Amino acid sequence: MGFWRTLLGRSEPVRPDLDRLFALPSAAVTLRAAAGFAPTGAGSVCFSATEGGAFDRVRREVQQLLDADSERQGERVEFSRDAYGYAWLLSRRRGEDGLPALVSDLHAVNTTLQDSGFGPQLLCSLVAFRDAEDRRLALVYLYKRGTFYPFAPLEGQKRDNPLELQVRAVLKDDLRIEADLGRWFPVWGAPGL
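Residues numbered from 1 in each chain as written. Predicted model: local features only at pLDDT ≥ 70, side-chain atom pairs only at ≥ 80, totals over all residues. Heavy atoms only, no water.

A. The nonpolar core, seen in detail. Among the nonpolar cores identified, the biggest contains 54 residues, and Leu-31 and Val-187 are the most heavily contacted of them. With sequence-adjacent residues up to four places away left out, Val-187 is seen in contact with Trp-88, Cys-124, Leu-126, Val-140, Tyr-149, Phe-151 and Leu-193. (Core = buried A, V, L, I, M, F, W, Y, C linked by side-chain atoms within 4.5 Å. Buried < 20%, exposed > 50% of the residue type's maximum accessible area, 1.4 Å probe, protein only. Contact = heavy atoms within 4.5 Å.)

Below, the structure is given as C-alpha cells:
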C-alpha cells in the first residue's frame, strides 16, 4: 500500500508527538538569548468542543487534575470559548522556573483528551512570551502536524511577520518548525496571549 500512496501522491498524516512540547523550555532559553523574549507563564490548549456527557466528564477531570497541583499557588485553570466557537483551556504558572510545569500542564491536557478519544478535536497548544518592548509572541504547536510555529500579533489583527521569520530562524535547531507558512494560522484572541 505504501508504494501506491507514493505513486498517487498521497501521504500518511503526521502522527502527533506530544513529547515535542517538552522541548519548549530549552527553546525558551535560546529565544531569550537570541531575541530577548521571556515566557509570561501562560499557556493554552485549543480544541473543538463537542457536546455531550463524555466530553464534559473529561473536561472536568482535566480541570480537577490541574487544579489539584499544590504548586499552582492559587492559579485556577480557566476554560473559555472564543469568537469562532473553539474551546480554550488556559493554564498559568508563576515564576521564572514555571515553564516546565506549564508545559507539563499542556501535555497532560493534550494526552488526556487524546487518550479519551478526543484527539481529533485537538487543534493547537501555545505558550506566550513577551520582550522588554512588550511585544507579544506565542510558540504554537499544531497537534495534527506535530510542528511548531511563531505567532506575533500586533494591534488590529495584524501580524509582525518579520519577527515571526526571525524567531523561526532562531529556533530552527530547537523545535520542529512548520515548513508550510500557509499553516502558520493566526490565533487571534487566544487566552493568555
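B. Representation of the pairing of strand S4 (residues 122–130) within the structure. Counting buried positions along S4 gives seven out of nine residues, so the element sits mostly inside the fold. Linking two consecutive strands that pair antiparallel, namely S4 and strand S5 (residues 136–142), is a turn of five residues; a positive phi of about 65 degrees is found at Asp-134 within it. (Helix = DSSP H or I, 4+ residues; strand = E, 2+ residues; numbered from the N terminus. Pairing = 2+ DSSP bridges.)

C. Here's a closer look at the packing of aromatic side chains. If you walk through the whole model with that rule in mind, you get four aromatic pairs. Aromatic side chains Tyr-141 and Phe-148 sit 5.0 Å apart centroid to centroid with 55 degrees between the ring planes, which places their arrangement in the tilted category. In this structure Tyr-141 comes out as buried when scored by relative accessible area, which is 1%. The exposure class of Phe-148 is buried, given its relative accessible area of 1%. Relative to Trp-188, the ring of Phe-151 has its centre 5.2 Å away and its plane inclined at 75 degrees; by these criteria the two rings are edge-to-face. Of the two residues, Phe-151 is situated in strand S6 (residues 147–151) and Trp-188 in the segment after helix H5 (161–171); the sequence distance between them amounts to 37 residues. Owing to a relative accessible area of 18%, Trp-188 belongs among the buried residues under this scheme. (Phe/Tyr/Trp six-rings, centres within 6.5 Å; stacked < 30°, edge-to-face > 60°.)

D. Main features of the sheet that holds S6. Read across the sheet, six strands follow the order S2-S3-S1-S4-S5-S6 without closing on themselves; strand pairing throughout is antiparallel. Both outer strands of the open sheet, strand S2 (78–81) and S6, are each paired with one neighbouring strand and no more. Across the sheet, the axes of successive neighbouring strands diverge by a mean angle of 25 degrees, strand direction being ignored. Across four bridges, S2 lies against strand S3 (residues 87–92) in antiparallel orientation. Bridge assignment links Phe-79 to a residue of S3, and that residue is Leu-89. (Axes fitted to C-alpha atoms, helices over the stretch in contact; angles between N-to-C directions.)

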